[in-house]
There are 2 protein chains.
Amino acid sequence: MEKRATIKDVAEAAGVGVATVSRVLSGGSASPSTRERVLAVAAQLDYRPSALGRNLRQRRTGGMGLLVPDLTDTFYGQLAEGVLACARSAGEPVVLGSTGDDPEQEADLIGMLLEQSVDRLIAVPSGDAETWSPAIRAGMTVIFADRLPAQSPADDPAASALTDLMLMDGLAAAPPSRPQSQAQPRPLDVPSVLADDRAGIRTAVRYLRGLGHRRIAFLGGPGQQRRVAAFREAVGAPVDEELVVFGTGSRDSAYAAASGLFQSRPDLSAVVAGGNVLGEAAVLAARELDLRVPKDVSLVMYDDVPWAELCSPPLTVIAQPGRDMGYRAAELVLRSGGRRPRSVVLPTELIIRGSCGPHR
Amino acid sequence: MEKRATIKDVAEAAGVGVATVSRVLSGGSASPSTRERVLAVAAQLDYRPSALGRNLRQRRTGGMGLLVPDLTDTFYGQLAEGVLACARSAGEPVVLGSTGDDPEQEADLIGMLLEQSVDRLIAVPSGDAETWSPAIRAGMTVIFADRLPAQSPADDPAASALTDLMLMDGLAAAPPSRPQSQAQPRPLDVPSVLADDRAGIRTAVRYLRGLGHRRIAFLGGPGQQRRVAAFREAVGAPVDEELVVFGTGSRDSAYAAASGLFQSRPDLSAVVAGGNVLGEAAVLAARELDLRVPKDVSLVMYDDVPWAELCSPPLTVIAQPGRDMGYRAAELVLRSGGRRPRSVVLPTELIIRGSCGPHR
DNA sequence: TTGAAAGCGCTAACAA
DNA sequence: TTGTTAGCGCTTTCAA
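Residues numbered from 1 in each chain as written. Chains lettered and ligands numbered in written order. Predicted model: local features only at pLDDT ≥ 70, side-chain atom pairs only at ≥ 80, totals over all residues. Heavy atoms only, no water.

Going by what an unreviewed UniProt entry lists, chain A is known as LacI family transcriptional regulator and is assigned to Nonomuraea zeae.

Quick look at the structure:
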């Protein structure tokens, strides 16, 4: 274990001042001869600038934070791969945290990132505006991916419907022109990279409708307000509320929700699962109850994951570009020179395989 | 965006020196009254010590690095979740990198971690001893998870067989008592957290044997030397080398390998896939070639992933505790106060579902 | 038990 | 174009 060379060592060996070394290495101005000499000495000493000194001086850690709910969910794995790919090509470190869809853990992780002075963050948020305000107030550049923080539940239903629609389009919901109540925090003004959930869900519902399905259920998970809203919109009023159920994010709870749904409403003929973990649960629950797919029940799942093709029948899915999402988010957060990046909405695609059939 | 309080602010407000604040906050000695006052002021100012200052002073970044081949591989997702869970409970940051099973990218990421002065690292290695020597020389505490670096290919076959067996048991291969050649780097002396591949593979092969299978193939991926060696050992000499094939880690190459295997050797009756991506490929390739599982071909897959149950038939698997592996590795690397942690081998379990049948 | 002071390695302001 | 210098926020001697 040898000691690493410091900028001072290089400066001495090259017979220049430390500032010159710093300049040369960060592309500042220097005479060609000096530059060459410094570079040679640096290579010779195998000098690598320490991020520690730079970080302290600049009062910020380079790179970015990444917060996802669960890495065993393949979609978040894809998203993370996208972020990492972009960060790697920029040579930037990524500090990762997994929130388990728990706002408290999320808050803890945000605190940890603040302590590290990580000032750029990509997050699939679990908490609400209150959870996120410390990060915002500290001046972090935050980008939400895949979803937006839950609105305050105190929101009145009418306004909430409106907000949901705005959220569906990925517009960072600047408050609609109605009197602001003091009590509830205003929606966060944070850019995001989202899939076009509205179109994705609409396409799926129309497809099922076209197959003759009328009782279509939605199996949702945490943070899927936008997808549910899109679902409600797509099926149109009146919505059969019993057909809209939620799990909490764990596989067990997803299974329980799916199973409960099938048992309480044997008359449903199709279900849209809001994510791959939910789709997994739906397949399992259907099998357990001897419901055949697609004969007894048709299934469309959000997320195209490799195993969707392995199921029999292979699953019809709403594909969203998880990897691209991550990559784009990382690009935005890296290129943002303090300026607020703009939001991005990426397209979804209905991939028809074998899990949907005509209504019997 | 408000400015954060520094230790100096706290010291002034409490009417003490900065050293005292530092001591109190890191549990050093101080009179009860002083301690109380400092704590109160710190809370009052919402003071959070900056990791930046501490890191520079201590010439090391806290937390740990984590290098995995691919986060869309569910097993590595599980492993990462384990690491993150442990790190979170310790309040430590995790810097993540994905290597794509490419030694060059791995080397770049190691360089990045060195630059960040991250001195603790958990890695699923892709490169060999040469790739890893910079990290070791820099004094990083490294722990390998899931597998060990490839031995130098120059290793002579006999010695290599011996080494493989030692590796199989997770013994950090201290060089056997034979003359060291100067040319090849000696095996790394790095602790590891591994699954008991030898037992896992042996159990699977015996199970298949018991079902009457004689032509059993192994479908491997990068870094699976230990599993192949275990396979060779389990089937016993002479090994039909055509039945041992490899993909490079990408899904495409895994599929190509599986498909090639089935086509070139239609006489095989069972295959052991060395990982879930390979198992996925085997299922796909079998289906494409109209081979029915388990009627035409029996399949055992390494890794128990949620979708293994969704396949039809559900896949018989060799389960290894991915999450535990990550957790244990993180514990080891965190508790290692500079001392070299010892290695750990975790048990595997053959979970019999429906993808294996009697030899026709 | 406490405080003063010396840096950790780097960048940026300022002078030359 | 260059070098000198002053910190960034913290921990850790060393004295008091």
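What follows continues from the structure just given.
### A few points about the protein's contact with DNA strand C
We count it as follows: We define proximity as follows: a residue is near a molecule or strand when any one of its heavy atoms falls within 4 Å of that partner. We call two N or O atoms a polar contact when they sit within 3.5 Å, provided that within protein one can donate a hydrogen and the other can accept it, with sequence-adjacent residues counted only if both atoms are side-chain atoms. Here a strand is any run of E in DSSP of at least two residues, a helix any run of H or I of at least four, and the numbering for each starts at the N terminus.
In the vicinity of DNA strand C there are 24 residues, among which Ile7, Tyr47 and Arg57 of chain A together with Thr20 and Thr34 of chain B approach most closely. The protein-proximal atoms of DNA strand C, defined as those within 4 Å of the protein, are 65% sugar or phosphate. Taking serine 50 of chain A, its main chain carries an N or O atom lying 2.7 Å from a phosphate oxygen of DNA strand C. Between DNA strand C and glycine 53 of chain A, the relevant distance is 3.0 Å, taken from a base nitrogen to a main-chain nitrogen or oxygen of the residue. Elements with a minimum of two residues in the surface near DNA strand C: α2 (18-25) and α4 (51-58) of chain A together with α2 (18-25) and α4 (51-58) of chain B. The leading source of residues in the surface near DNA strand C is α4 of chain A, at four residues.

### Let's talk about the relation of the copies chain A and chain B
The condition is simple: Residues below a pLDDT of 70 in either copy are left out; the C-alpha atoms of the rest, at least 70 in both, set the least-squares superposition of the copies. Contact definition: two residues touch when any of their heavy atoms are within 4.5 Å.
Between the two copies, chain A and chain B, the superposition gives an RMSD of 0.1 Å; the rotation angle is 180° and the shift along the axis is 0.1 Å. Seen this way, the second copy is the image of the first under a two-fold rotation axis. Interface overlap between copies: 100% of the residues of chain A at the interface are likewise at the interface in chain B, consistent with a symmetric, same-surface contact.

### Description of the sheet that holds strand β1 (residues 64-68) of chain B
Stated precisely, the cut-off is as follows: Criterion used throughout: strands pair if DSSP finds at least two bridges between them. Throughout, an axis means a line fitted to C-alpha atoms (over the contacting stretch in the case of helices), and angles, computed between N-to-C directions, take values from 0 to 180 degrees.
Taken in spatial order, the twelve strands make up an open sheet running β11(A)-β5(A)-β4(A)-β3(A)-β1(A)-β2(A)-β2(B)-β1(B)-β3(B)-β4(B)-β5(B)-β11(B), and their pairing is mixed. On the outer flanks of this sheet lie β11 (344-346) of chain A together with β11 (344-346) of chain B, each paired with one strand and no other. For this sheet the average axis-to-axis angle between neighbouring strands, irrespective of direction, equals 20°. Of the pairings in the sheet, the one linking strand β1 (residues 64-68) of chain A to strand β2 (residues 94-98) of chain A comprises five bridges and is parallel in character. In the sheet register, leucine 66 of chain A faces β2 of chain A, and the bridge partner there is leucine 96 of chain A. Those strands touched by helix α5 (residues 74-89) of chain A are β1, β2, β3 (120-123) and β4 (141-145) of chain A together with β2 (94-98) of chain B, and its axis lies near 175° from that of β1 of chain A. Against the sheet, helix α5 (residues 74-90) of chain B touches β2 of chain A together with β1, β2, β3 (120-123) and β4 (141-145) of chain B, its axis set at about 175° to β1 of chain B.

### Considerations on the UniProt feature "domain: HTH cro/C1-type" (unreviewed entry) in chain A
Our working definition: UniProt positions are given in the numbering used here, feature names are shortened, and annotations may be inferred rather than shown by experiment.
Feature annotation in UniProt places "domain: HTH cro/C1-type" (unreviewed entry) on residues 6-52 of chain A, given in this structure's numbering. In residues 6-52 of chain A, helix accounts for 66% and strand for 0%; the two terminal C-alpha atoms are 11 Å from one another.

### Brief notes about the layout of surface pockets
So the rule is basically this: Buriedness for pockets is judged along seven lines, at least five of which must meet protein on both sides within 12 Å for an open set on the 1 Å grid over protein atoms alone, while cavities are sets there where a 1.4 Å probe fits but cannot get out, and lining residues have an atom within 4 Å of a point. Grid points are joined across faces, edges and corners, and a volume is the space filled by probe spheres set on the points.
The calculated volume of the largest pocket comes to roughly 1800 Å³. Every residue lining the largest pocket is counted, 48 residues in all, and those nearest its centre are Leu114 and Ser117 of chain A together with Arg4, Arg48 and Ser50 of chain B. If you list the elements that add at least two residues to the lining of the largest pocket, you get α7 (129-137) and β4 of chain A together with α1 (7-14), α2 and α4 of chain B. Ranked by residues supplied to the lining of the largest pocket, first place goes to α4 of chain B with five residues.

### Observations concerning the packing of aromatic side chains
Two descriptors summarise a pair of aromatic rings, namely the distance from one centre to the other and the angle between the planes of the rings. Residue and element names in this part refer to chain A. Here is the rule: Side-chain rings of Phe, Tyr and Trp, where Trp is taken by its six-membered ring, are said to pair if the distance between their centres is within 6.5 Å; with planes under 30 degrees apart they count as stacked, over 60 as edge-to-face, and otherwise as tilted. Relative accessibility under 20% of the residue-type maximum defines a buried residue, over 50% an exposed one, and the middle range a partly exposed one, all with a 1.4 Å probe and only protein chains included.
Taken as a whole, this structure holds six aromatic pairs over all chains when the rule is applied. Ring plane angle 70° and centroid distance 5.4 Å describe the contact between phenylalanine 75 and tyrosine 76, whose orientation is recorded as edge-to-face. The residues phenylalanine 75 and tyrosine 76 share a single accessibility class, namely buried. The interplanar angle of 40° and the centroid separation of 5.3 Å between the aromatic rings of phenylalanine 218 and phenylalanine 231 together place this pair among those described as tilted.

### What to know about the packing of helix α1 (residues 7-14) of chain A against α2 of chain A
All names here are of chain A. Cut-off, in case you're wondering: Orientation is classified from the angle alone, with under 35 degrees giving roughly parallel, over 145 giving roughly antiparallel, 65 to 115 giving roughly perpendicular, and any other angle giving oblique. Three classes are used, and their members are as follows: Ala, Val, Leu, Ile, Met, Phe, Trp, Tyr, Cys and Pro are nonpolar, Asp, Glu, Lys and Arg are charged, and the others, Gly among them, are polar.
Remark: α1 packs on α2, axes separated minimally by 8 Å, with the N-to-C direction vectors making an angle of 105°. Accordingly, the angle class assigned to the pair α1 and α2 is roughly perpendicular. Taken together, the residues of α2 that come into contact with α1 (itself represented by Ile7, Lys8, Val10 and Ala11) are Val18, Val21 and Ser22. Grouping the constituent residues of the contact of α1 with α2 by class yields five nonpolar, one polar and one charged.

### A closer look at the sheet that holds strand β12 (residues 349-351) of chain A
Residues and elements named next belong to chain A. With mixed pairing, the six strands of this open sheet are ordered in space as β7-β6-β8-β9-β10-β12. The two strands at the open ends of the sheet, each matched to only one other strand, are β7 (244-246) and β12. Taking the axes of each pair of neighbouring strands and ignoring which way they run, one obtains an average angle of 20° across the sheet. Across three bridges, the pairing between strand β6 (residues 216-220) and β7 is parallel. The residue bridging phenylalanine 218 from the neighbouring strand is valine 244, located in β7. Strand contacts of helix α9 (residues 197-210): β6, β8 (270-273), β9 (298-302), β10 (316-319) and β12, with the helix running at about 170° to β9, the strand carrying the most contacts. Helix α10 (residues 225-235) contacts β6, β7, β8 and β9 of the sheet and is inclined by roughly 170° relative to β6.

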